[in-house]
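# Summary of the model geometry
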Amino acid sequence: MSKVVGIDLGTTNSLVAYVRDGRPVVIRDGRGDALVPSVVSIGEDGTVHVGREAQRRLLTAPSRTVYSVKRFMGRGVDDLTEETHLFPFRVGGEAGGVVRIGLGDRELTPPEISAFVLRALRSRAEAHFQGEGEFDFEVDRAVITVPAYFNDAQRTATRDAGRLAGLDVLRIINEPTAASLAYGLDQRDRGLIAVYDFGGGTFDVSILRVEDGVFQVLATNGDTHLGGDDIDQLLTTQVLAALGAAGRDDAPSPDLVQAIRRAVIDAKQDLSDADETEIRVEPGPGLPAGYRARLTRAELERLIRPLVERTLEPCRLALADAGLQPSDIDEVVLVGGSTRIPLVRESVAALFGRVPHSDINPDEVVALGAAVQADILVSGRREMLLLDVTPLSLGIETVGGVMSKIILRNSTIPASGREMFTTFVDSQTAVDVHVLQGERELVDDCRSLARFRLRGIPGMPAGLPRIEVAFQIDANGILSVSARELRTGIEQAIEVKPSYGLTDEEVERMLIESFEHAEGDVEARLLIEARNEAESVIVATEKTLRRPDLTTIEVEELEAGELARIRGALASLRESMPGDDRQRILEDTTRLNAVTQHLAEVVMNRSIRAALAGRNVGEV
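Since the structure is predicted, the reported quantities are computational estimates derived from the model, not experimental observations.

Next up on the list: the overall build of the protein chain. Counting its regular elements, the protein chain contains 15 helices and 28 strands. Counting only residues that meet the buried cut, the protein chain has 53% of its 620 residues in that class. Nonlocal contacts in the protein chain, meaning residues at least 24 apart in sequence, comprise 66% of its contacts between residues at least 6 apart. Within the structure as shown, the protein chain displays about 26900 Å² of accessible surface, and the carbon and sulfur contribution to it stands at 49%.

Structure follows, in structure tokens:
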């Protein structure tokens, strides 16, 4: 027997969920962590590391570790942008072909790397079901979410990744639609919903109408290359510039860039709750003295405001496409970890004139909605129809290099369209059909999806043949195109394989390689679990040590030398964690837990006193 799950394959983190007793739940690991970092690393011995372990290797083996691969899905070498120089891994490939990412001596495509993440999610789900006593269940079917603004090539790449992971992808659905399902907004009698999705690597906004069980996307807009990663890169660049101003002439090493990136991410997250924090890069190769700098929320907001403003224009365009004003919207839903930033929430509330929904964890809401859709598909327990839209117009090239649109942007899918064409030259016996995607009028300004040739047309004067070109988009947003000469009945059809999709032969080869490079044995897994636990303790300790009132705490409530002992235990665990000595990692973790116990109690007591003081002020 098999289980079906919903998967949010994210830029920064990925999650898996399913429906239990009529309610969607996210599947967590033994430590209660729902997130699997979308990071893959390949060791010197060929071992593939995924998730937290791979994330740690960004600092110890950056050239063998890839993150944010979702940004490369369905993209070609020609699409690559300038920021690739900040990545520690190699990015290349042949002109006009699929991107290839070099990790050590291996070169992998983005779908292959995403497949490793999907396998990790599948393994987590199967382990969960076995833990509940369901040993006969295999997870082999899934609904996978994508940004609403993903084009055909990116959706096909996502489906390829699912195939490589051994999953039957029942449906590819848009992340905003999934988020609305998680909130149960489909069960409203009627209403207009705006879903603002600001994730790690992509931004999109969708305007949806719910009416009598029909869930229709009216318009969508966004930017597949704008997300929290851009904020991280902005902060990283600022720190590198500060180091350059301090006299560093040499180019920063990948190890140093990743250490800085990790530090600025910690600081960014701190400022979602605090008004001030510290960017702290520990001493290491390329930075013997380390780096420390205070960062306030106001400074962060000044820096990132242009990026946040970039998200608001697609919102206005989507509203205009739907023929609506902000005041027409009944509900606003926030999705994606970047929506935790106070400036983002304030900007969205100001635009739409209402406080957005944020009750459900923004990291989990999409996976929960995917689980709901998966359950609907296999059980039919709910009467609901999803009507998504195609984000960009589709058409073919006509004489003079002109784009002739057949299915317009924001058409409800499944969708179809057909147009009549003819020949331009006398006695023409074949027609080349060039399939395009985009909004511009000229072919050179649009994206090429596929080409094929309709042969066997009887030689007739130009203008006499009647050639019908038909487009069909299925529920997953995958395009099929056919061309038929009506006088003779000659027809040629193609399921559009985007320029950057994988062939069946490539998929088969990659599946074989995945078995050859299977993950390590039980001992390797135990080592990974020990490192996971160690990292959790390190992160919690470092966050406490960044508290603005730490100096006051040390003077007023800690024993002499207590803070020094904590920093010593922290340094010892940082040193042992990347190694292979599991016993030492466990011992150092236990030691750090012990020496921080009193500090944790002090911090907790202060927080309780502050909360009570605030409540008393309000009551007065």
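Attention shifts here to a nonpolar patch on the surface. Residues Val399, Phe424 and Val425 make up a contiguous nonpolar surface patch of roughly 320 Å² in combined accessible area. Tracing the chain through its elements places phenylalanine 424 in the loop between strand E23 (415-421) and strand E24 (430-437). Here phenylalanine 424 falls in the exposed class, since its relative accessible area comes to 60%.

On to the sheet that holds E24, then. Taking strand neighbours across the sheet as the criterion, the four strands line up as E21-E20-E24-E25 in an open arrangement whose pairing is antiparallel. Edge positions in the sheet fall to strand E21 (402-407) and strand E25 (447-455), since each has one partner strand and no second. Neighbour to neighbour, the strand axes of the sheet diverge by 30° on average, direction disregarded. Pairing of strand E20 (residues 394-398) with E24 involves three bridges; the strand directions are antiparallel. Bridge pairing in E24 links leucine 394 to glutamine 437.

Another aspect to go through is the nonpolar core. As a rule of thumb, nonpolar side chains are buried together in soluble globular proteins. Counting 46 residues, the largest nonpolar core has Val5, Ile7, Ile101 and Leu118 as the members making the most contacts within it. Ignoring sequence-local partners within four residues, the contact set of valine 5 consists of Val16, Ala17, Tyr18, Ala125, Phe129, Val139, Arg141, Ala142, Val143 and Ala374. Counting 45 residues, the second largest nonpolar core, distinct from the first, contains Ala219, Leu243, Val308 and Leu334.

A regular strand places its side chains so that they alternate between the two faces of the sheet. Because side chains alternate across strand E5 (residues 39-42), one face comprises the buried residues Val39 and Ser41, and the other comprises Val40 and Ile42, equally buried. Two strands pair when backbone bridges link them, and E5 and strand E7 (residues 65-67) are joined in this way by three bridges, in the antiparallel orientation. The partner of valine 39 across the bridge, within E7, is tyrosine 67. Bridge count for E5 against strand E6 (residues 48-50) is three bridges, and the pairing is antiparallel. Paired with valine 40 across the two strands is valine 50, which belongs to E6. Between E5 and E6, which pair antiparallel one after the other, the connecting turn spans five residues, and glycine 46 there sits at a positive phi close to 90°.

With respect to the element layout, aspartate 8 can be found in strand E1 (residues 2-8). Taking the C-alpha atoms as reference points, aspartate 8 and threonine 145, separated by 137 residues in sequence, lie 5.4 Å from one another.

This part covers the pattern of salt bridges. Taken as a whole and judged by the stated rule, the model has 38 salt bridges. Aspartate 232 is the partner of lysine 268 in a salt bridge, and the nearest nitrogen-oxygen pair spans 2.9 Å. Note that lysine 268 is positioned in helix H6 (residues 254-270) and aspartate 232 in helix H5 (residues 228-245), a separation of 36 residues in sequence. The exposure class assigned to lysine 268 is buried, which follows from its relative accessible area of 13%.

Where E1 and strand E2 (residues 13-20) come together, three bridges link them in antiparallel fashion. Note that in E2 the partner of glycine 6 across the bridge is alanine 17. Counting the residues between successive antiparallel strands, the hairpin from E1 to E2 contains four residues. Where E2 hands over to strand E3 (residues 23-26), the hairpin turn is made up of two residues, of which aspartate 21 adopts a positive phi near 55°.

Before going further, it helps to examine the packing of helix H13 (residues 562-576) against helix H14 (residues 582-595). For any two helices packed against each other, one specifies the inter-axial angle together with the distance between the axes. Axis separation between H13 and H14 bottoms out at 9 Å; the angle between their running directions is 160°. Taken together, the axes of H13 and H14 lie roughly antiparallel to each other. Crossing geometry of H13 relative to H14 is assigned as left-handed. The segment H13 lies against H14, with Glu562, Arg565, Ile566, Gly568, Ala569, Leu570, Ser572, Leu573, Glu575 and Ser576 engaging Arg584, Ile585, Asp588, Thr589, Arg591, Leu592 and Val595. For the contact of H13 with H14, the class distribution of residues is seven nonpolar, four polar and six charged.

Turning our attention to the environment of arginine 487. Locating arginine 487 in the fold gives a position in the loop between strand E27 (479-485) and strand E28 (491-495). The spacing of arginine 487 and proline 458 is 29 residues in sequence and 9.1 Å in space, taken between C-alpha atoms. If sequence neighbours within four positions are ignored, arginine 487 has contacts with Met460, Leu464, Pro465 and Arg466.

A word on the sheet that holds E6. Reading across from one edge, E6-E5-E7 is the order of the three strands in this open sheet, with antiparallel pairing throughout. The open sheet has two edge strands, E6 and E7, and neither has a second partner. Ignoring which end each strand starts from, the neighbouring axes of this sheet average 15° apart. Packed on one face of the sheet, helix H1 (residues 52-60) meets E5, E6 and E7 and runs near 70° to E5.

With that settled, the discussion passes to the side chain of glutamate 468. Summarising the element assignment, glutamate 468 is placed in strand E26 (residues 467-473). Polar side-chain contacts of glutamate 468 include one of 3.1 Å to the side chain of arginine 418. Not counting residues within four places of it along the chain, the set of residues in contact with glutamate 468 comprises Arg418, Glu419, Met420, Ser482, Ala483, Arg484 and Leu486.

Along the chain, the position of aspartate 204 falls in strand E14 (residues 203-211). Buried within the structure, aspartate 204 lacks any salt-bridge partner; its nearest side chain of opposite charge belongs to lysine 70, at an N-O separation of 7.3 Å. Look past the residues within four positions of aspartate 204 in its chain and what remains in contact with it is Pro147, Ala148, Tyr149, Pro176, Val195, Tyr196, Asp197, Asn221 and Gly222.

Our next topic: the packing of aromatic side chains. If you walk through the whole model with that rule in mind, you get six aromatic pairs. Seen in terms of ring centroids, tyrosine 196 and phenylalanine 198 are 6.3 Å apart; in terms of plane orientation they differ by 85°. Their pairing is edge-to-face. The burial state of tyrosine 196 is the same as that of phenylalanine 198; both residues are buried. With 5.9 Å between their ring centres and 90° between their planes, phenylalanine 198 and phenylalanine 203 make a pair best called edge-to-face. Looking at phenylalanine 203, the relative accessible area reads 1%, which means it is buried. A network of ring pairs unites the aromatic residues Tyr67, Phe72 and Phe89 as a single cluster.

Rules used in this analysis
- Residues numbered from 1 in each chain as written.
- Predicted model: local features only at pLDDT ≥ 70, side-chain atom pairs only at ≥ 80, totals over all residues.
- Heavy atoms only, no water.
- Helix = DSSP H or I, 4+ residues; strand = E, 2+ residues; numbered from the N terminus.
- Buried < 20%, exposed > 50% of the residue type's maximum accessible area, 1.4 Å probe, protein only.
- Contact = heavy atoms within 4.5 Å.
- Areas by Shrake-Rupley, 256 points an atom, 1.4 Å probe, with all protein chains shown as cover.
- Patch = residues over 30% accessible without salt bridge, like charges linked within 9 Å, V, L, I, M, F, W, Y side chains within 5 Å.
- Salt bridge = Lys/Arg side-chain N within 4 Å of Asp/Glu carboxyl O.
- Pairing = 2+ DSSP bridges.
- Axes fitted to C-alpha atoms, helices over the stretch in contact; angles between N-to-C directions.
- Core = buried A, V, L, I, M, F, W, Y, C linked by side-chain atoms within 4.5 Å.
- Parallel < 35°, antiparallel > 145°, perpendicular 65-115°, else oblique.
- Left-handed = near helix turned anticlockwise from the far one by under 90°.
- Nonpolar A, V, L, I, M, F, W, Y, C, P; charged D, E, K, R; others polar.
- Polar contact = N/O pair within 3.5 Å; in protein donor to acceptor, adjacent residues only side chain to side chain.
- Lys, Arg positive; Asp, Glu negative; His and termini not counted.
- Phe/Tyr/Trp six-rings, centres within 6.5 Å; stacked < 30°, edge-to-face > 60°.

Everything listed is a geometric property; what it means functionally is a separate question.
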